[in-house]
Amino acid sequence: MSSNSPLLPRVKARGKLAVGALVTTLLGQLLAGTAVAAAPTAPAAPGRITWEPCESPSGQGGFECATVEVPVDWRQPHGATIDLALARHRATDPERRIGSLLINPGGPGGSGVSFAFAAPDAFSPELLARFDIVGFDPRGVGRSNPLKCDADRIDAQEALLYPDSPASFAALREANRALGESCRDLTGPLADHMDTGSVVRDMDAIRAGLGEQRISYYGVSYGTAIGQQYAERYPHRVRAMTLDSNMDHSLGNWAFQKTETTALEEAYGQFADWCARTASCAVHDEDARALFDSLYKRAEAGDLVLPGDPPQTVTPQDLQSFALGRMYDPASWFDFAQTLADLDATAPAAIRPLLGHGEPTPYPFLSVMCQDYDLDVPSYATLARYERALARRAPVTRFSTLGWTVQTGCQNWPAEVTNPQRRLDVDGTPPILLTNSRFDPATPHAWAAGAARQIGREAVFLTYDGVGHGDYWLSPCARDAIDTYLTTLKTPRKNTHCPAVWPTAPTTQRQSPNGDLVNPLPDLVGTGTYR
């Protein structure tokens, strides 16, 4: 699992919205519990956000930046506050402007500010013409008071995320608590208020500061959790909402693990089938399923060692995590196949793509997940039973390292689970468009289907029949449906399917299939997260 976020570009100048009037106005709306949608209330009229020009890393587009001040703890609206960083790309056709489109790239830990800076290359000309694209760094992320943890504690935890005995499970629990306490020590009270329910309240403060009675929203991956829970709490403040590659916040521990594992196994199976019919795949003449199984067994025995000074030993988890990351976008499959061939030959060329690591960075991922999900298991015996059952379901890939490390990383986490799993209760929104890849390795198709059922009559569900994560950049068909819906409110037919797009030649991974847009997600949150 990647826990690293890219360094964020520096903003030259930002405006600031005072929180006093805003908090007072929103207090009645926001103090009700996150599990129940708020009663309809009149739109607030707080002070507006003050925007100032700022520069993007590329120098493209006309960008503006600002901050919004929000409480650390929404139950104490007059207590300590933090600043949320925002950036926007103004609509290129002001006369046809619809309003603001709020965006979130997922993670947790992805920068919405950087997402907005990427908008000129990432979104269609029609969306850029009709909307102010507004990105915000959620609390604890990027420029929004980044949550920081002790790098040594992060390393200590990562070495223990795959326990193989009661003793190592106990050591993991101690390491998790020590890591969580270091986050609290280095960050302050915000470390205990990283849950998605708080982010939802923050987003409505942004809506009010923008002067919008209703928002349009595009969220991908973890960004769908923000959107789902916003729609639940503020159904009458939604104009349009697209949820791309969906979370399902209703899942218990076993269902979470089972669906994650099945998703990775099925996605790898699609890769193996593609390789078998693609002569230019580096392992075309082999059974890619059998090859992975062989590599896994060699790694399990400690026999998969790459030459170097010193030699590099590949673990089973290295192999699983590498495969998981390459299922996010099939554009990477030619390189992935070559790396599998290099691994099988224990060639030095496999070292860099498989075992490269960056410097430790701010670490919000577990602080969010461990406050949104109660994944405690009572003992190592339970964990071992899960592992055996998952391997039976996924005989090639065994289990999803993403799902597994969320579970193991949250054992004995010191912060309270303030936003635990529950079914969505959405009522009164306009139609909400949900999209998902049929073979998504991170947010399984089953999660989107479950979220659509929970949302009910308001949900319109579109399936992209290919592999990957982030349909907007994988499928021209899905992107057209999303653009049409956001601009006209016309939804596709329920249960629409978009055809799979398969790689035909090595290409730049970030280029979308029709070649005119750039997928920003790898740069924003990497792979191996709910990006």
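The structure we're discussing is the one just above.
These lines cover the structure that appears in this document, whether it is placed above or below. One numbering rule holds for all chains: residues counted from 1, following each sequence as written. The predicted nature of this model means local features are confined to residues of pLDDT at least 70 and side-chain atom pairs, given and counted, to a pLDDT of 80 or more, with totals for whole chains, interfaces and linings taken over all residues. Note that the side-chain values use all heavy atoms of the structure and ignore hydrogens as well as water.

Here we come to the overall build of the protein. In this text, helices come from DSSP runs of H or I with a minimum length of four residues, and strands from runs of E with a minimum of two, each type numbered from the N-terminal end. The secondary structure content of the protein amounts to 19 helices and 13 strands. Three labels apply to residues, based on accessible area from a 1.4 Å probe with only protein chains included: buried if under 20% of the type maximum, exposed if over 50%, partly exposed otherwise in between. Each of the 531 residues in the protein was classed as buried or not, and the buried ones make up 61%. Should any heavy atoms of two residues lie within 4.5 Å, those residues are considered in contact. At a minimum sequence separation of 6, the contacts of the protein that also span at least 24 residues come to 80%. Areas reported as accessible are Shrake-Rupley estimates using a 1.4 Å probe. Residue values count occlusion only from the protein chains shown. Looking at the protein as shown, the accessible area adds up to about 19,300 Å², and 49% of this sits on carbon and sulfur atoms.

Burial within strand β4 (residues 81-89) is extensive, with 7 of its 9 residues counted as buried. When DSSP locates at least two bridges between a pair of strands, those strands are taken to pair. Inspection of the sheet shows strand β3 (residues 63-71) paired to β4 by 9 bridges, in the antiparallel sense. Bridged to Val68 within β4 is Leu84. Relative to strand β6 (residues 131-136), β4 runs antiparallel, the two sharing 4 bridges. Among the inter-strand pairings, His89 is bridged to a residue of β6, identified as Ile133.

Further remarks concern unusual backbone geometry. The omega angle of the peptide bond from Gly107 to Pro108 is -10 degrees, so this bond is cis rather than trans. Positionally, Pro108 belongs in the loop between β5 (99-104) and α2 (112-117). In this chain, Asp309 is followed by Pro310 through a cis amide linkage whose omega measures 5 degrees. Take Pro310: it is sitting in the loop between β9 (305-306) and β10 (312-313). Here Asn145, not a glycine, exhibits a phi torsion of approximately 50 degrees, which is positive. Mapped onto the fold, Asn145 is located in the loop between β6 and α5 (151-158).

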